[in-house]
Amino acid sequence: MVPIVYHPRYNITAFGLERLHPFDGRKYGRIRDALIQRGLRRPNDFIRPAPARRYELAKVHTPDYLGSLWSSNVLAGILEVPAVRRLPWWLIDWRILGPMRLAAGGTIEACRLALEHGLAVNLGGGFHHAAADRGGGFCVYADIPIAARLLHDEGRLRTVLVVDLDAHQGNGVASIFRGWIWARILDVYEHNLFPLHKEPEDYPLPVPPGMTGSDYLEVVHAALPHVLDEVRPDLVVYNAGSDPFDGDPLTRLKLSANDLVDRDLLVVTEARDRGIPVAMVLSGGYSALSWKIHADAVEALLTRFDRA
Ligand SMILES: [Zn+2]
């Protein structure tokens, strides 16, 4: 069975303040519930991660940045919710940062499990706008680089490739990876979106707003096999944002829910056909249907890759 990492505390609720952000703070739990309802997993099958610890965060983030997270003002900026300024730091830490450290721990766990089992999914994480010394775009902790750095330092992987198909550029991951010759990123993103300043990347693939699913899948299909063969990574971390969805309020790509299922199957299958382990994380997705898109995609992956 493909390991699925999840913790009930991934879901972000802060006395209604979460509704000031377009993000569905309960989508992780909805995906987990759907997988159970569909008979794909039992409640005890989900692997509960430990939160990312201070020394793990410090593998990537600067001490000044981690210290700045005690400030409600700094966090209000990163989370794009000005009302967070009025919350005391302990409440933010309990209701927002704690869940994010758990999700970051989930990405670390999913990467470890992927190396063992070939494929693992974290039903959260993918905070790809977080850089070493700053957060942004709702991303506080750079979970993917943290996980990669830990496993690299432990000698468990020599090279890693991030395949980032969230509609926004993974500028945080790219900025951290620029100093690491063993870490590469292939990134398909809508070119006029946040972040305004794009980071240089190994394999940047900007696409225009309005692009349909068949054209988009063509772009991925033309690039991914070649990049996998060139990099030959020991691990692919797949940042499977659902925001290229037609109907996502923050983007203008036109993928259907079925296109997104096909996309996730394509990425995981191309890597697994080469024997490359894949850790999938969920990243962005701001439509009310985001949870269902992920649930459908994970169902398709389990149908193809679960073995009794
Ligand atoms: Zn996004």
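Here, every reference points to the structure presented above.
Attention here is on the structure that accompanies the text. (Residues numbered from 1 in each chain as written. Predicted model: local features only at pLDDT ≥ 70, side-chain atom pairs only at ≥ 80, totals over all residues. Heavy atoms only, no water.)

### Here we look at the overall build of the protein
Point 1. Within the protein, the regular secondary structure consists of ten helices and seven strands.
Point 2. Overall, the C-alpha framework of the protein stretches about 50 × 45 × 40 Å when taken along its three principal axes.
Point 3. Counting over 308 residues, the protein shows a buried share of 61%.
Point 4. By sequence separation, contacts in the protein at least 24 residues apart represent 73% of the contacts at least 6 residues apart. (Helix = DSSP H or I, 4+ residues; strand = E, 2+ residues; numbered from the N terminus. Buried < 20%, exposed > 50% of the residue type's maximum accessible area, 1.4 Å probe, protein only. Contact = heavy atoms within 4.5 Å.)

### Thoughts on the coordination of the zinc ion
Point 1. Protein ligation of the zinc ion involves Asp166 (OD), Asp166 (OD), His168 (ND1) and Asp243 (OD), the donor distances falling in the range 1.9 to 2.8 Å.
Point 2. Relative to the metal, the four donor atoms surrounding the zinc ion lie at angles of 52 to 157°, and the coordination shape comes out irregular.
Point 3. Along the chain, the residues that donate to the zinc ion are spaced as D-x1-H-x74-D.
Point 4. Assessed through its relative accessible area of 1%, Asp166 is described here as buried.
Point 5. We classify His168 as buried; its relative accessible area is 6%. (Donors = N, O, S within 2.8 Å, 3.2 Å for Na, K, Ca; no water. Tetrahedral: all angles 85-135°; square planar, octahedral: opposite > 155°, others 65-115°.)

### A word on the environment of Thr251
Point 1. Locating Thr251 in the fold gives a position in the loop between β6 (235–239) and α9 (257–273).
Point 2. Sequence-distant contacts of Thr251, that is, excluding residues within four places in its chain, are made with Ala167, His168, Glu190, Leu193, Asp243, Pro244 and Phe245.
Point 3. Engagement of the side chain of Thr251 in a polar contact is seen with the backbone oxygen of Asp243, the distance being 2.5 Å. (Polar contact = N/O pair within 3.5 Å; in protein donor to acceptor, adjacent residues only side chain to side chain.)

### Some words on the packing of aromatic side chains
Point 1. Taken as a whole and judged by the stated rule, the model has six aromatic pairs.
Point 2. Ring centres of Trp70 and Trp89 lie 4.9 Å apart, and the angle between their planes is 85°; on these two criteria the pair is classed as edge-to-face. Remark: Trp89 occurs in helix α5 (residues 89–117) and Trp70 occurs in the loop between α3 (63–68) and α4 (72–79); sequence separation between them is 19 residues.
Point 3. On the basis of an interplanar angle of 35° and a centroid distance of 5.7 Å, the ring pair of Phe177 and Trp180 is categorised as tilted.
Point 4. Judged by relative accessible area, which is 3%, Phe177 ranks as buried.
Point 5. Through a chain of ring-to-ring contacts, three or more aromatic side chains come together here, namely Tyr6, Tyr10, Tyr28 and Phe46.
Point 6. Above the ring of Trp94, the side-chain terminus of Arg95 is found at 4.3 Å from the ring centroid.
Point 7. Cation over ring: Arg149 sits above Trp180, and NZ or CZ is 5.0 Å from the ring centre. (Phe/Tyr/Trp six-rings, centres within 6.5 Å; stacked < 30°, edge-to-face > 60°. Lys NZ or Arg CZ within 6 Å of the ring centre and 35° of its normal.)

### Details of the sheet that holds strand β7 (residues 278–281)
Point 1. With respect to topology, seven strands assemble into an open sheet ordered β1-β2-β7-β6-β3-β4-β5, the strand pairing being parallel. The sheet terminates laterally at β1 (4–5) and β5 (203–207), the two strands that pair on one side only.
Point 2. With four bridges joining them, β6 and β7 adopt parallel strand pairing. Opposite Val236, over in β7, you have Val278 as the bridge partner.
Point 3. Together, β2 (119–122), β3 (160–164), β6 and β7 form the strand contacts of α9, whose direction differs from that of β6 by roughly 175°. (Pairing = 2+ DSSP bridges. Axes fitted to C-alpha atoms, helices over the stretch in contact; angles between N-to-C directions.)

No statement about biological role is implied by the geometric values presented.
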